[in-house]
There are 2 protein chains.
Amino acid sequence: MSIQKMKDQVIVRNEKFVDQAERLKPKFFETIVKPAALIEVKEDSNVIHGWKSEFIAPISTLSDQDYGKNDSFILDFGNHYVGYLTIDVRSTGSPPDAPLKLKLTIGEMPVEMAEPFENYNGWLSSSWLQEEIIFVDVLPGIIKLPRRYSFRYIKFEVLETSPKYRVVFENIECKAITSADIAAIGTISHEDPLLKKMDEISIKTLADCMQDVFEDGPKRDRRLWLGDLRLQALANYETFKTNDLVKRCLYLFAAVPDKHGKVTANIFVSPTLIADDTYLFDYSLFFISTLHDYYYATKDMETLKELWSTAYRQIELALDRLDENHIVRDSSDWWSFIDWEEGLNKQTPSQAVLIYSMKQAINLANVLKSPQRYTLKERLEEIVEATKKHLWDEEQQFFISGADRQISWASQIWMVLAGVFNEEENKQLMKRLLEVKPAVGLATPYMYHHLVEALIISDEKERAITEMKAYWGGMIKDGADTFWELYDPKNKDYSPYGSHLINSYCHAWSCTPTYLIRKFNL
Amino acid sequence: MSIQKMKDQVIVRNEKFVDQAERLKPKFFETIVKPAALIEVKEDSNVIHGWKSEFIAPISTLSDQDYGKNDSFILDFGNHYVGYLTIDVRSTGSPPDAPLKLKLTIGEMPVEMAEPFENYNGWLSSSWLQEEIIFVDVLPGIIKLPRRYSFRYIKFEVLETSPKYRVVFENIECKAITSADIAAIGTISHEDPLLKKMDEISIKTLADCMQDVFEDGPKRDRRLWLGDLRLQALANYETFKTNDLVKRCLYLFAAVPDKHGKVTANIFVSPTLIADDTYLFDYSLFFISTLHDYYYATKDMETLKELWSTAYRQIELALDRLDENHIVRDSSDWWSFIDWEEGLNKQTPSQAVLIYSMKQAINLANVLKSPQRYTLKERLEEIVEATKKHLWDEEQQFFISGADRQISWASQIWMVLAGVFNEEENKQLMKRLLEVKPAVGLATPYMYHHLVEALIISDEKERAITEMKAYWGGMIKDGADTFWELYDPKNKDYSPYGSHLINSYCHAWSCTPTYLIRKFNL
């Protein structure tokens, strides 16, 4: 995600919270993994992005090959990994009389091995594309790449040796890292093999995103986003239960609010803790939601007490955006994420996120026996009333959003999740949504997650499973080792960034099937 | 230099010599140097390669500038250096939300800043062209480049930041290294400013080539070549007197002869001591010459005794190449370097190098009172006689070479240096050479050195100075900070490698003016 910068950001740093987050730094689990095979990538219009991987030879044959100028090969590690690469390289022929010049292209998907990064023309920084140009002055040598990669495939291109020598590559390995203790959870024995597979891939996705913080995607942006964190935390409670990592992330956000107390949409942890200058209406509110879920997963009262005022402040700030009708003011100068769907009006889904968060805040205020619970309840009633009055279109039987009275999937889904209506009404609304299929649809797995959860809580479990199988099952059919940041079954080249090369193919917000399956016994 | 590999090379390693060379590893002198200015490189058909450097701003202004995608600038360090680069980089604007992708192009000459390396199409490995693609994941950061560069200029090209941030570069510095103790010698106060300048630049050239061994060129090939060593050692005796480095290099060569006892043309010292599989008739003989000069500079009898048999073996092997007429056999399957001059026949200059080396060997044998001195003298007489008989063309009054009776500068020069004729005859030969100017001329500073020395020993000092001033003075006029590997005043783009980009602009074999000036009181 990349959004305009906010002017004049002033951060009020809470050193106590910074220290607490520091103390909660996770332990890493390291695994040495080796490539499985030499492959080639071939054009095939029937597979995603038009490129499929084909086995050439087992990895044991690699050290029998030598390579000269303009030779190349592709290694397949057999699964997705996040970690550090080491490559042994030696020469054959005469003593190497010039440096070796090597290009490595490191990718999560076959398409990254096939389409030259030089042609990339998207609007996110091309520096996310994983590649390296390496000179080796002394052979034999060990190439120990200092950067972390998120990948399954590596393409080696020997750009230069000299006429006098060729090179052999050996002992290629990746020190894969995660802060998730994979050994701590077992697989579930689900009778439905597709749901079982979905559960496994969700867990792998979550694990690869669990690093020093919950990252959104280990390839890109490698950053702690609140919206992603909320879903990762939910998946984590059902699986790894690495709850201290959630706690750490909550403290990181709480440590660097702006001068109004607003929590940023995302956090950098290197070289030091930095609040990004992106603020999103929905993401700030999800601080409450994440704290709420954390408390119910852990009953960690101390943390709840310490972070409650940060959480409550997000409600206050959100309420400031309400107009005289108790409706979130829509304008061109605010940002709420909701989804990447083109043209989506954010007013009504944001109103729903506010209601959703207020209810969770009330739960927490009750736990804390905070007097703020009365204010919250009072305001919530007004807001829910106003929502039904101003945003519900009785004739069309849909929530509308914005000046153009847009009917979007996101508005209906979030209003169901917010529980503005009762279960039966929600069920009818979801039914109508699936029948009418408004044009303004869903763009991301993040929004699909909310669709599935809305169906579940509207007592439409079967339909929820169908939707989940169609969507995440589609990714699996299309070759996902980990779930992708973006997936549009109707347009598999879809990217909100102008190129599918820059998409992240292991992305936190897509890891929720394991949560949905385990939490709701699907 | 790059020459075909010899098949079936078998090395007979002398561990005692390896250990001795190891003990003689030099001490390094480090100097921190900083760039002097921001420059630009402009087209100008009047300057060498068509590119001149123009001052833009002092380096103090650099940290006031910020750079975004596709911005670039060039730094000028004001002189040539060999060493390691460190660059501080920080961001301005929003927190950097994508890696910085930076391209560095590092060059000795303005042309390297101007002509894209991508267009290089010479026959030496392009991996010698000094460039790096660097990703910086965390800003601010310190870019500490692990490779050593030989340079005066650095071009920075910001290939990618993100729309949210720009970068500032600061505290750029080079840890310049040499094993020459520059402080140990003073400049000479020569009345002729051009000779004084030539002396200084020679010394700088020599110093930048003095590293772990005497390298031929710190940009390329960064290697110990016997032919270059011989000239470097001569310059060193007149200047730094780092005589142990010469000794180390002699032991390195003597440590790894082939199974016949032949000394290789060049040596690799990393990752371990390796004899290259290139063997050159003249270079093997220069082992004697270098030992000879070393002994007379140091009177180190112990080393002479220890290395004598290696030296003597080179004569024996060279004599094996003589035909029944005592003339070096010419054929298509042997290699003698002599010069890069296109079409140069190597027979006669090689014959001269043999005579030259035999005389030095006789000197050493006399010192050692070795019985081999008698054999050597006997053989020398036959060879000199045969040389006059078979290679001297009485009618044309020139030495001829090869089946086509080629008259080259190299043949005459080397025969003068070999002292086949007496001083007066040599003087006449050199005079005729400069008048007739045979078409097969001189290609390298290496060969120009021998021209100048031949003039000096033929009592043509003034003419020697004139030639030296025209040649090395020409380089100075053309902007040399250190003397170049290649220089043809009539074709300044000359390269034997197909591109002047790959030429080395600080090259050992060009450092001899200081030797010539100081040794012969020019």
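Criteria and thresholds
- Residues numbered from 1 in each chain as written.
- Chains lettered and ligands numbered in written order.
- Predicted model: local features only at pLDDT ≥ 70, side-chain atom pairs only at ≥ 80, totals over all residues.
- Heavy atoms only, no water.
- UniProt positions renumbered as here; feature names shortened; annotations may be inferred.
- Helix = DSSP H or I, 4+ residues; strand = E, 2+ residues; numbered from the N terminus.
- Domains from an automatic or database assignment.
- Contact = heavy atoms within 4.5 Å.
- Buried area = accessible area lost by both parts, 1.4 Å probe.
- Salt bridge = Lys/Arg side-chain N within 4 Å of Asp/Glu carboxyl O.
- Polar contact = N/O pair within 3.5 Å; in protein donor to acceptor, adjacent residues only side chain to side chain.
- Nonpolar A, V, L, I, M, F, W, Y, C, P; charged D, E, K, R; others polar.
- Buried < 20%, exposed > 50% of the residue type's maximum accessible area, 1.4 Å probe, protein only.
- Pairing = 2+ DSSP bridges.
- Least-squares fit on C-alpha atoms with pLDDT ≥ 70 in both.
- Phe/Tyr/Trp six-rings, centres within 6.5 Å; stacked < 30°, edge-to-face > 60°.
- Lys NZ or Arg CZ within 6 Å of the ring centre and 35° of its normal.
- Expected span 1.5 Å × (residues − 1).
- Axes fitted to C-alpha atoms, helices over the stretch in contact; angles between N-to-C directions.
- Parallel < 35°, antiparallel > 145°, perpendicular 65-115°, else oblique.
- Left-handed = near helix turned anticlockwise from the far one by under 90°.

Quick notes on the UniProt feature "domain: Glycosyl hydrolase family 78 alpha-rhamnosidase N-terminal" (unreviewed entry) in chain A
Part 1: Sites flagged by UniProt as "domain: Glycosyl hydrolase family 78 alpha-rhamnosidase N-terminal" (unreviewed entry) map to residues 35-176 of chain A.
Part 2: Taken end to end, residues 35-176 of chain A has its terminal C-alpha atoms 12 Å apart, with 4% of it in helix and 56% in strand.

Re the domain arrangement of chain A
Residues and elements named next belong to chain A.
Part 1: Taken domain by domain, chain A holds domain 1 (15-27 + 180-185 + 192-519) and domain 2 (29-178).
Part 2: Here domain 1 and domain 2 have C-alpha centroids that lie 36 Å from each other.
Part 3: On the domain 2 side, the residues contacting the 34 residues of domain 1 number 29 residues.
Part 4: For the pair domain 1 and domain 2, the summed buried area comes to about 2,900 Å², and 59% of that belongs to carbon and sulfur atoms.
Part 5: Our count for the contact surface shared by domain 1 and domain 2 stands at 3 salt bridges.
Part 6: Taking the shortest distance from any N to any O, the salt bridge between R148 and E215 comes out at 2.8 Å.
Part 7: At the surface where domain 1 touches domain 2, the tally comes to 15 residue pairs in polar contact (both at pLDDT 80 or more).
Part 8: When the residues that make up the side of domain 1 that touches domain 2 are grouped by side-chain class, the tally is 14 nonpolar, 7 polar and 13 charged.

A short note on the pairing of strand β7 (residues 141-144) of chain B
Consecutive residues of a regular strand have side chains that alternate between opposite faces of the sheet.
All names here are of chain B.
Part 1: In β7, alternate side chains face the same way, and those of G141 and I143 are buried while those of I142 and K144 on the opposite face are not.
Part 2: As paired elements, strand β4 (residues 72-93) and β7 share 4 bridges and run antiparallel to each other. Residue pairing for β7: D88 is matched across the bridge by I142.

Observations concerning the UniProt feature "domain: Alpha-L-rhamnosidase six-hairpin glycosidase" (unreviewed entry) in chain A
Part 1: The feature "domain: Alpha-L-rhamnosidase six-hairpin glycosidase" (unreviewed entry), as annotated in UniProt, sits at residues 185-515 of chain A in this numbering.
Part 2: For residues 185-515 of chain A, the end-to-end C-alpha separation is 13 Å, with 54% helix and 3% strand making up the annotated structure.

So, the side chain of B:R321
Part 1: The residue B:R321 is located in the loop between α7 (301-319) and α8 (347-368) in this model.
Part 2: What B:R321 contacts, discounting residues up to four positions off in sequence, is B:F281, B:I327, B:V328, B:R329, B:D330, B:S331 and B:W334.

So, the relation of the copies chain B and chain A
Between the two chain copies there is a screw-like relation: a rotation about an axis and a shift along it.
Part 1: Overlaying chain B with chain A gives an RMSD of 0.1 Å, the required rotation being 180° about an axis along which the chain moves by 0.0 Å. Such a turn and shift between the copies fits a two-fold axis. Relative to the rotation axis, the closest C-alpha in chain B is found at B:I133, a distance of 3.0 Å.
Part 2: Interface overlap between copies is the fraction of interface residues in one copy that are interface residues in the other; for chain B against chain A it reaches 98%, indicating a shared surface.

Remarks on the interface of chain B and chain A
Part 1: Taken together, the 42 residues of chain B in the interface contact 41 residues of chain A.
Part 2: Between chain B and chain A, roughly 3,100 Å² of surface is buried when both sides are summed, and carbon and sulfur atoms account for 53% of that area.
Part 3: Contact with chain A buries surface across chain B, with B:P95, B:F135 and B:K164 losing the most and accounting together for 18% of the total.
Part 4: A salt bridge links A:E131 to B:K101; the shortest N-O distance between them is 2.8 Å.
Part 5: Connecting chain B to chain A are 20 residue pairs in polar contact (both at pLDDT 80 or more).

Brief notes about the packing of aromatic side chains
By convention here, two paired aromatic rings are described through the distance between centres and the angle between planes.
Part 1: Evaluation of the coordinates by the stated rule reveals 60 aromatic pairs over all chains.
Part 2: Taken together, a centroid distance of 5.6 Å and an interplanar angle of 20° make the contact between A:F337 and A:W509 stacked. Pair noted here: A:F337 is in the loop between α7 (301-319) and α8 (347-368) and A:W509 is in the loop between α13 (461-477) and α14 (513-519), with a separation of 172 residues, a long-range link. Both residues of the pair, A:F337 and A:W509, count as buried.
Part 3: An aromatic cluster of at least three residues, connected via ring pairs, comprises A:W123, A:W225, A:Y283, A:F286, A:F337, A:W340, A:Y356, A:W414, A:Y446, A:Y497 and A:W509.
Part 4: Above the plane of the ring of A:F286 lies A:R230, whose end atom (NZ or CZ) is 4.4 Å from the centre.
Part 5: Geometry around B:F398 places B:R432 over its ring, the cationic atom sitting 5.8 Å from the centre.

Describing the sheet that holds strand β10 (residues 224-225) of chain B
Part 1: What the 3 strands build is an open sheet, ordered β10-β11-β12 (chain B); its pairing is antiparallel. Each edge of the open sheet is held by one strand with a lone partner, namely β10 and β12 (274-275) of chain B.

As for helix α3 (residues 193-209) of chain B
All names here are of chain B.
Part 1: In this model, α3 (17 residues) spans 24 Å end to end at C-alpha, consistent with the 24 Å of a helix rising 1.5 Å per residue.
Part 2: Burial in α3 covers these residues: L195, M198, D199, I201, S202, I203, K204, T205, L206, A207, D208 and C209.
Part 3: Here the buried face of α3 lies against β4, β9 (165-178), α4 (226-238), α13 (461-477) and α14 (513-519).
Part 4: Of the residues flanking the start of α3, the one acting as N-cap is D192, its side-chain oxygen 2.9 Å from the backbone nitrogen of L194.

Some thoughts on the packing of helix α11 (residues 423-436) of chain B against helix α12 (residues 445-457) of chain B
In a packed pair of helices, the relevant descriptors are the angle between the two axes and the axis-to-axis distance.
All names here are of chain B.
Part 1: Running from amino to carboxyl end, α11 crosses α12 at an angle of 135°, the nearest separation of the two axes being 9 Å. Between α11 and α12, the angle falls in the class oblique. Once α11 is placed against α12, the crossing between them reads as left-handed. For the pair α11 and α12, contact is made by E423, M430 and L434 and by L451, A454, L455 and I457, respectively.
Part 2: Grouping the constituent residues of the contact of α11 with α12 by class yields 6 nonpolar, no polar and 1 charged.

Describing the pattern of salt bridges
Part 1: Enumeration over the complete set of coordinates arrives at 76 salt bridges over all chains.
Part 2: A salt bridge links A:D276 to B:K164, with the nearest nitrogen and oxygen atoms 3.5 Å apart. Of this pair, A:D276 sits in the loop between β12 (274-275) and α6 (281-298) while B:K164 sits in the loop between β8 (149-160) and β9, on two different chains. Of the two residues, A:D276 and B:K164, neither departs from the other in class, the shared state being buried.
Part 3: What you see here is one network of salt bridges that share partners, running through A:E40, A:K42, A:D44, A:K52 and A:E54.

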